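Listed here are the chains, written in short residue letters.
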Amino acid sequence: MDYEYEATNPVQVLTSSFPDYPDALVNSGKTGNITLQVTVGVDGRVTNATIANSQLPEMNTATLAAIRKWTFKPFVRAGQPASFTIKLIMKFSLQ
(Lines give C-alpha, C1' and ligand atoms only; values in the text may rest on other atoms or scores of the structure.)
Protein backbone atom coordinates (compact mmCIF):
# COMPACT_ATOMS: atom_id res chain seq x y z
CA MET A 1 0.00 0.00 0.00
CA ASP A 2 1.31 3.42 -0.94
CA TYR A 3 0.02 6.94 -1.44
CA GLU A 4 0.65 10.11 -3.39
CA TYR A 5 -0.87 13.54 -3.14
CA GLU A 6 -1.50 16.66 -5.18
CA ALA A 7 -1.39 20.04 -3.46
CA THR A 8 -0.91 23.67 -4.40
CA ASN A 9 1.32 24.35 -1.38
CA PRO A 10 4.17 22.42 0.25
CA VAL A 11 2.81 19.49 2.27
CA GLN A 12 4.60 17.49 4.93
CA VAL A 13 2.93 14.41 6.41
CA LEU A 14 3.88 14.07 10.09
CA THR A 15 1.95 10.93 10.99
CA SER A 16 0.06 8.52 8.80
CA SER A 17 -2.19 5.56 9.38
CA PHE A 18 -3.15 2.92 6.84
CA PRO A 19 -6.22 0.71 6.75
CA ASP A 20 -5.87 -3.04 7.04
CA TYR A 21 -5.89 -4.65 3.60
CA PRO A 22 -8.05 -7.71 4.33
CA ASP A 23 -6.65 -11.11 3.37
CA ALA A 24 -9.82 -11.87 1.43
CA LEU A 25 -9.16 -8.92 -0.92
CA VAL A 26 -5.46 -9.73 -1.21
CA ASN A 27 -6.15 -13.42 -1.91
CA SER A 28 -8.71 -12.54 -4.57
CA GLY A 29 -6.20 -10.18 -6.24
CA LYS A 30 -8.35 -7.05 -5.76
CA THR A 31 -6.31 -3.88 -6.20
CA GLY A 32 -7.03 -0.27 -7.05
CA ASN A 33 -6.80 3.35 -6.04
CA ILE A 34 -9.00 5.41 -3.77
CA THR A 35 -8.85 9.17 -4.35
CA LEU A 36 -9.82 11.44 -1.46
CA GLN A 37 -10.28 15.16 -0.96
CA VAL A 38 -8.71 15.93 2.40
CA THR A 39 -9.08 19.22 4.28
CA VAL A 40 -6.41 19.96 6.87
CA GLY A 41 -7.07 22.50 9.62
CA VAL A 42 -4.75 25.19 10.96
CA ASP A 43 -3.45 22.72 13.57
CA GLY A 44 -2.39 20.18 10.92
CA ARG A 45 -5.17 17.71 11.72
CA VAL A 46 -7.63 16.38 9.15
CA THR A 47 -10.93 18.22 9.52
CA ASN A 48 -12.73 16.58 6.60
CA ALA A 49 -12.13 13.72 4.20
CA THR A 50 -14.36 12.50 1.39
CA ILE A 51 -14.05 9.88 -1.33
CA ALA A 52 -13.73 11.52 -4.75
CA ASN A 53 -13.22 8.28 -6.69
CA SER A 54 -12.80 4.64 -5.74
CA GLN A 55 -11.73 1.54 -7.62
CA LEU A 56 -12.01 -0.49 -4.40
CA PRO A 57 -15.31 0.42 -2.70
CA GLU A 58 -14.84 -2.37 -0.15
CA MET A 59 -12.03 -0.28 1.36
CA ASN A 60 -13.76 3.15 1.42
CA THR A 61 -14.89 3.14 5.06
CA ALA A 62 -11.60 1.81 6.45
CA THR A 63 -9.59 4.22 4.28
CA LEU A 64 -11.59 7.25 5.47
CA ALA A 65 -11.15 6.18 9.10
CA ALA A 66 -7.38 5.83 8.64
CA ILE A 67 -6.96 9.16 6.81
CA ARG A 68 -8.81 11.02 9.56
CA LYS A 69 -5.92 10.05 11.90
CA TRP A 70 -3.23 11.65 9.73
CA THR A 71 -1.44 14.82 10.82
CA PHE A 72 0.41 17.33 8.69
CA LYS A 73 2.85 20.14 9.30
CA PRO A 74 0.65 23.23 9.60
CA PHE A 75 0.73 25.47 6.56
CA VAL A 76 1.62 29.10 7.18
CA ARG A 77 0.44 31.85 4.82
CA ALA A 78 1.45 35.47 5.46
CA GLY A 79 2.71 34.51 8.91
CA GLN A 80 -0.58 32.88 9.96
CA PRO A 81 -1.56 29.20 10.07
CA ALA A 82 -4.03 28.38 7.29
CA SER A 83 -6.16 25.38 6.43
CA PHE A 84 -5.66 23.68 3.08
CA THR A 85 -7.06 20.91 0.91
CA ILE A 86 -5.15 18.18 -0.89
CA LYS A 87 -6.03 15.34 -3.22
CA LEU A 88 -4.73 12.12 -1.68
CA ILE A 89 -4.53 8.90 -3.69
CA MET A 90 -4.28 5.67 -1.71
CA LYS A 91 -2.84 2.87 -3.84
CA PHE A 92 -3.75 -0.70 -2.92
CA SER A 93 -1.50 -3.15 -4.73
CA LEU A 94 -0.10 -6.65 -4.24
CA GLN A 95 3.56 -5.72 -4.80
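Please refer to the structure higher up on the page.
Here's a quick rundown of the structure.

So, how was this worked out
Residues numbered from 1 in each chain as written. Predicted model: local features only at pLDDT ≥ 70, side-chain atom pairs only at ≥ 80, totals over all residues. Heavy atoms only, no water. Helix = DSSP H or I, 4+ residues; strand = E, 2+ residues; numbered from the N terminus. Buried < 20%, exposed > 50% of the residue type's maximum accessible area, 1.4 Å probe, protein only. Contact = heavy atoms within 4.5 Å. Phe/Tyr/Trp six-rings, centres within 6.5 Å; stacked < 30°, edge-to-face > 60°. Pairing = 2+ DSSP bridges. Axes fitted to C-alpha atoms, helices over the stretch in contact; angles between N-to-C directions. Core = buried A, V, L, I, M, F, W, Y, C linked by side-chain atoms within 4.5 Å.

Further remarks concern the overall build of the chain. Counting its regular elements, the chain contains two helices and eight strands. Tracing the chain from N to C terminus, the helices and strands come up as β-β-α-β-β-α-β-β-β-β. On the principal axes, the C-alpha backbone points of the chain span a range of 50 × 20 × 20 Å. Counting across all 95 residues of the chain, residues that qualify as buried make up 36%. Considering only residue pairs separated by 6 or more positions, the chain has 69% of its internal contacts joining residues 24 or more positions apart.

Moving on to the packing of aromatic side chains. This model, assessed by the stated rule, comprises seven aromatic pairs. Between W70 and F72, the ring centres sit 6.1 Å apart and the planes meet at 35°, which makes this aromatic pair tilted. Comparing W70 with F72, the two get one shared label, buried. With centroids separated by 6.2 Å and ring planes inclined at 90°, the aromatic side chains of F72 and F84 adopt a geometry described as edge-to-face.

Moving on: the environment of G41. Looking at where G41 falls in the secondary structure, it is placed in the loop between β3 (32-40) and β4 (46-54). Accessibility expressed as a relative area gives 7% for G41, which makes it buried. In contact with G41, not counting residues within four places along its chain, are T47, A82 and S83.

Further remarks concern the sheet that holds strand β8 (residues 84-92). Pairing is antiparallel in the open sheet, where four strands are placed in the order β1-β8-β3-β4. Only two strands of the sheet have a single partner each, and these edge strands are β1 (2-6) and β4. With strand direction ignored, the average angle separating the axes of adjacent strands in the sheet is 25°. As paired elements, β3 and β4 share seven bridges and run antiparallel to each other. Bridge pairing in β4 places V38 opposite A49. Here helix α2 (residues 60-67) sits on the sheet and contacts β3, β4 and β8; the angle it forms with β4, its principal contact strand, is near 150°.

Attention now goes to the pairing of β8. Across five bridges, the pairing between β1 and β8 is antiparallel. In the strand pairing of β8, E6 is matched with K87.

If you look at the biggest cluster of nonpolar residues, it comprises 22 residues, and the most contacted ones within it are V38, I67 and F72. Of all the secondary structure elements, the ones that give two or more residues to this core are β3, β4, α2 and β8. Counting residues per element, this core draws most heavily on β8, which supplies five residues. The contacts of F72, once residues within four sequence positions are left out, are V11, Q12, V13, L14, V40, D43, G44, V46, F84 and I86.

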